[in-house]
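Reading the structure
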Amino acid sequence: MRISDPLLFSRMTAIAAAESERPLTEALGLDRSSLERLAWRHVPALLPTLATLPPDADRGADALEEPDLRAYLLEHRAAHSEEEGWLAAIVARRSLRPNHLWQDLGLADRGELTWLFRRHFPELVAKNRFDMKWKKFFYRALCEREGVPICKAPNCEVCNDAVSCFAPEIGSMLPKAPPHPQWLPVSIGTDTPLPLR
Ligand code: SF4
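Here is a short report on the structure shown in this document. This structure is a prediction, so every number in the text was calculated from the model and none was measured.

As for the overall build of the protein
What the protein contains, in helices and strands, is 11 helices and 0 strands. Written out in order from the N terminus, the α and β elements of the protein read α-α-α-α-α-α-α-α-α-α-α. Per-residue burial over the protein gives 29% buried out of 197 residues. Taking contacts inside the protein between residues at least 6 apart in sequence as the whole, the part at least 24 apart equals 64%.

Quick look at the structure:
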């Protein structure tokens, strides 16, 4: 499965825009200027929505573990591109949501998330060679760094928690925001940003 960056960012911004309880900047963990650059480059359909944000809209307060996860992702990025900086911030912020990570990123299935990591953070895919759930994988990695053991067993093969770490992350795509009224789609192909829906 291949998925372009514009489509990835389109999906992520659309799911974040569906949250009415906080500004888009906070839902994505990006300040307004970063989000505007992202939109100009990948999701121009988002620009009318961004125009409604306060000029000083920022990404809001980090959760306790968020800076560590963001830094961990950045350590493993492939190209040191600005896109990968945005992705690290978005993945770290969205990982705080309660669903499977692929769902809270607005993706169609877990395969799209694996593609994102393979393209932009390939060392993570290599490290997660047994295909652990991504949130479990991240928090296990961060806890190991801090010297805090979270595993009750010496290895996964004899662990009673294996189901919670490795069960398939199945589910449905979460509802997205409706399209902004100023945006009129021209064409949609596999590599074309989707409307905000
Ligand atoms: S299955 Fe058990 S040993 Fe393996 S990562 Fe999960 S908690 Fe740790």
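Quick word on the site of the ligand
Looking at the ligand, the residues that line it are Arg140, Cys151, Ala153, Asn155, Cys156, Cys159, Asp161, Ala162 and Cys165. Grouping the amino acids of the shell around the ligand by side-chain chemistry returns 6 nonpolar, 1 polar and 2 charged.

What about the nonpolar core?
By size, the foremost hydrophobic cluster in this structure holds 38 residues, and its most contacted members are Met12, Leu28, Ile90, Leu105 and Leu113. Looking at this core, the elements with two or more residues in it are α1 (5-17), α2 (24-28), α3 (32-42), α5 (66-75), α6 (82-94), α7 (101-104), α8 (110-120) and α10 (134-145). If near-sequence neighbours (up to four positions away) are discounted, Met12 is found in contact with Leu28, Ile90, Leu105 and Gly106.

Structural notes on the environment of Ile90
Along the chain, Ile90 falls in helix α6. Separated by 64 residues in the primary sequence, Ile90 and Glu26 have C-alpha atoms spaced 9.7 Å apart. With residues near it in sequence (within four places) discarded, Ile90 still touches Met12, Leu28, Gly29 and Leu30.

Description of unusual backbone geometry
Backbone phi values are negative for most residues with the exception of glycine, while trans is the configuration of most peptide bonds. With a phi angle near 55°, His80 is a residue other than glycine that sits in the positive phi range. Mapped onto the fold, His80 is located in the loop between α5 and α6. Here His80 falls in the exposed class, since 9 other C-beta atoms lie within 10 Å of it. Its identity is not glycine, yet Asp131 carries a phi of approximately 60°, on the positive side. Here Asp131 shows up in the loop between α9 (122-127) and α10.

Considerations on the packing of α5 against α10
One way to put it is that α5 packs onto α10 with a least axis distance of 11 Å and a crossing angle of 100°. With respect to α10, the axis of α5 lies roughly perpendicular. Contacts from Asp68, Leu69 and Tyr72 of α5 reach α10 at Phe138, Ala141 and Leu142. Tallied by class, residues from the contact of α5 with α10 come to 5 nonpolar, no polar and 1 charged.

What to know about α3
Within α3, the full set of buried residues consists of Leu35, Leu38, Ala39 and His42. The buried residues of α3 all sit within an arc of 95° when viewed along its axis, so they share a single face. Away from its buried face by more than 90 degrees, α3 exposes Ser33 and Trp40.

Topic: α5
By the burial criterion, the buried members of α5 are Leu69, Arg70 and Leu73. Taken around the axis of α5, the buried residues stretch over an arc of 100°, which confines them to a single face. Away from the buried face of α5 by more than 90 degrees, exposed residues Pro67, Ala71 and Glu75 are located. Looking at the packing, one finds that the buried side of α5 touches α6 and α10.

What counts, and at which threshold
Residues numbered from 1 in each chain as written. Predicted model: local features only at pLDDT ≥ 70, side-chain atom pairs only at ≥ 80, totals over all residues. Helix = DSSP H or I, 4+ residues; strand = E, 2+ residues; numbered from the N terminus. Buried ≥ 20, exposed ≤ 12 C-beta atoms within 10 Å, placed from the backbone. Contact = placed C-beta atoms within 7 Å. Near = placed C-beta within 6 Å. Nonpolar A, V, L, I, M, F, W, Y, C, P; charged D, E, K, R; others polar. Core = buried A, V, L, I, M, F, W, Y, C linked by C-beta atoms within 7 Å. Axes fitted to C-alpha atoms, helices over the stretch in contact; angles between N-to-C directions. Parallel < 35°, antiparallel > 145°, perpendicular 65-115°, else oblique. Arc of directions from axis to C-beta.

Interpretation in functional terms is not warranted from these geometric data alone.
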